[in-house]
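# Results of the structural survey
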Amino acid sequence: MQAKVKLYAVTVDFDFKPETAWRLALEEALEPFGAALVSFETDGGKGWHMEVIGEEKPSAAAVKSVLKPFGNLKAVIGLVPDKDWLAESRKGLAPIKMGPFFIHGEHDRGKAPRNVIPLEIDAGMAFGTGRHETTSGCVKALLKLSKTLKVKKALDIGTGTGILAFAAHHLFDIPVMAGDNDKDAVRVARENAAINGLKKHIRIVASDGYRAKAIRDNGPYDLITANILANPLISLAPDLAKSLGRNGRAILSGLLKTQEKDVLAAHHAVGLELDFRIRQNDWSVLVLKKKARR
C-alpha cells in the first residue's frame, strides 16, 4: 500500500473553449507547480478545466504572476482530498479499440474481447495511453506501414509508457529498442513491458534522444517512432537522419498542424522527405523517409 502524502492542486476554470496554442501555452506555464496536470473541456464543450497537482503548495503570488499574461483568469489553490487520486482517475478511463489493439487500464484487466491484442496501459507519470490524438495517430501510421514496410530493427524515442514500442513489436513481430530522458518514464515503460509480457522483446534505456550507447550501437533502424514535441523533433533531426536506414521510415508526432512546416524543413535539410501524413483535429503525424538518390 502506498503511503499517503499531502497533495496540493492549482485549479483554473474558464467559461470558454480556448484555442489550442493558447491552451498549450497556459498548460506549460502551470506545469512547474506540480507533477501531474489534467486539462479537459467542461459544460458540453463551452468551458475548460485545468488542474495541476503536486506535493508542495505554491504561493498565490507566483500563480497570479504566471496567469497574468493570459488575461483575467483566477486560480484556486487547495489541498487535494485524502484519497488515491491517480487510482480514481484511472477508473474513469474506459478501454479503447484501436486497430487490432484493445488498450485498457488495470481495472479492465481480463475484459478484452476475442481476436484483439490487449495492452494494459495505465495513466500515470508517463505520456501515452492511446487517448491523445498524437498517440492514436502514430498507431494508425504503424498500422499503415505494417502492410508494406519490412522491419528488422525498430526504435522508439521518448517512449513514455512504452505504448508505441509495444504496438511496433506486435505489428512487425520484432524486438524494439526504446529510450526516454525521464527516469520515471523509463521505470513506467519497463513496468508496463513486464505487465504485458513483453519484457524479453522491448529493451528500454535511459537516453537523451539518440545518445545512449545501446541505441547508437543497435542502429541503423528500419523504423523509428518519436512522439515528443516540435522543438525536440527539430533539434534531433540530424541524429534521426544518421539512425534511419536507407529504406526505413520515421513516424514523428507531438506537433500541431501549424508546426509541420518547421519540422519538415529541419528534416529536409538533413536528407529526409515526407512520405505521408495523418492529421487529427489540430495535431499532425509526419511519416518521413530518406530522399531518393539521384
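By the naming in an unreviewed UniProt entry, the chain is Ribosomal protein L11 methyltransferase, taken from Dongia rigui. UniProt annotates the chain under Sequence similarities (unreviewed entry) with the comment "Belongs to the methyltransferase superfamily. PrmA family." Under the UniProt heading Subcellular location (unreviewed entry), the entry covering the chain gives this text: "Cytoplasm".

Another aspect to go through is the pairing of strand β11 (residues 221–227). Burial analysis of β11 places six of its seven residues in the buried class, which makes it a mostly covered element. Where strand β8 (residues 154–157) meets β11, four bridges bridge the pair, whose relative direction is parallel. Residue pairing for β11: Ala154 is matched across the bridge by Leu223. By the bridge criterion, six bridges tie β11 to strand β12 (residues 244–256) in an arrangement that is parallel. Across the sheet, residue Ile224 finds its bridge partner in β12, namely Ala250.

This part covers the UniProt feature "binding site: S-adenosyl-L-methionine" (unreviewed entry) in the chain. In this numbering, the UniProt entry assigns the feature "binding site: S-adenosyl-L-methionine" (unreviewed entry) to Thr135, Gly158, Asp180 and Asn227. Here Thr135 is to be found in helix α4 (residues 133–145). Judged by its relative accessible area of 1%, Thr135 falls in the buried class. Looking at where Asp180 falls in the secondary structure, it is placed in strand β9 (residues 176–180). Residue classification places Asp180 among the buried residues on the basis of a relative accessible area of 8%. Setting aside its immediate chain neighbours within four residues, Asp180 contacts Gly158, Thr159, Gly160, Ala185, Val186, Val205, Ala206 and Ser207. Only 3.2 Å separates the side chain of Asp180 from the backbone nitrogen of Thr159, close enough to count as a polar contact.

Turning next to the pattern of salt bridges. Any two side chains of opposite charge can pair, so long as their charged atoms come close to each other. Counted by the stated rule, this structure contains nine salt bridges. Here Asp208 makes a salt bridge to Arg211, at a shortest N to O gap of 3.5 Å. You can call Arg211 exposed: its relative accessible area is 59%. With its nearest N and O atoms 2.5 Å apart, the salt bridge here joins Asp217 to Lys213. Of the two residues, Asp217 and Lys213 both sit in helix α7 (residues 213–218), four residues apart, roughly one turn of that helix. In the salt-bridge network here, residues are joined through shared partners; they are Asp184, Arg187 and Glu191.

What follows concerns α4. Its 13 residues give α4 an end-to-end C-alpha distance of 18 Å, which sits within 8% of 18 Å, the value for a rise of 1.5 Å per residue. Of the positions making up α4, those classed as buried are Thr134, Thr135, Ser136, Gly137, Cys138, Val139, Ala141, Leu142 and Leu145.

Parameters and conventions
- Residues numbered from 1 in each chain as written.
- Predicted model: local features only at pLDDT ≥ 70, side-chain atom pairs only at ≥ 80, totals over all residues.
- Heavy atoms only, no water.
- UniProt positions renumbered as here; feature names shortened; annotations may be inferred.
- Buried < 20%, exposed > 50% of the residue type's maximum accessible area, 1.4 Å probe, protein only.
- Helix = DSSP H or I, 4+ residues; strand = E, 2+ residues; numbered from the N terminus.
- Pairing = 2+ DSSP bridges.
- Contact = heavy atoms within 4.5 Å.
- Polar contact = N/O pair within 3.5 Å; in protein donor to acceptor, adjacent residues only side chain to side chain.
- Salt bridge = Lys/Arg side-chain N within 4 Å of Asp/Glu carboxyl O.
- Expected span 1.5 Å × (residues − 1).

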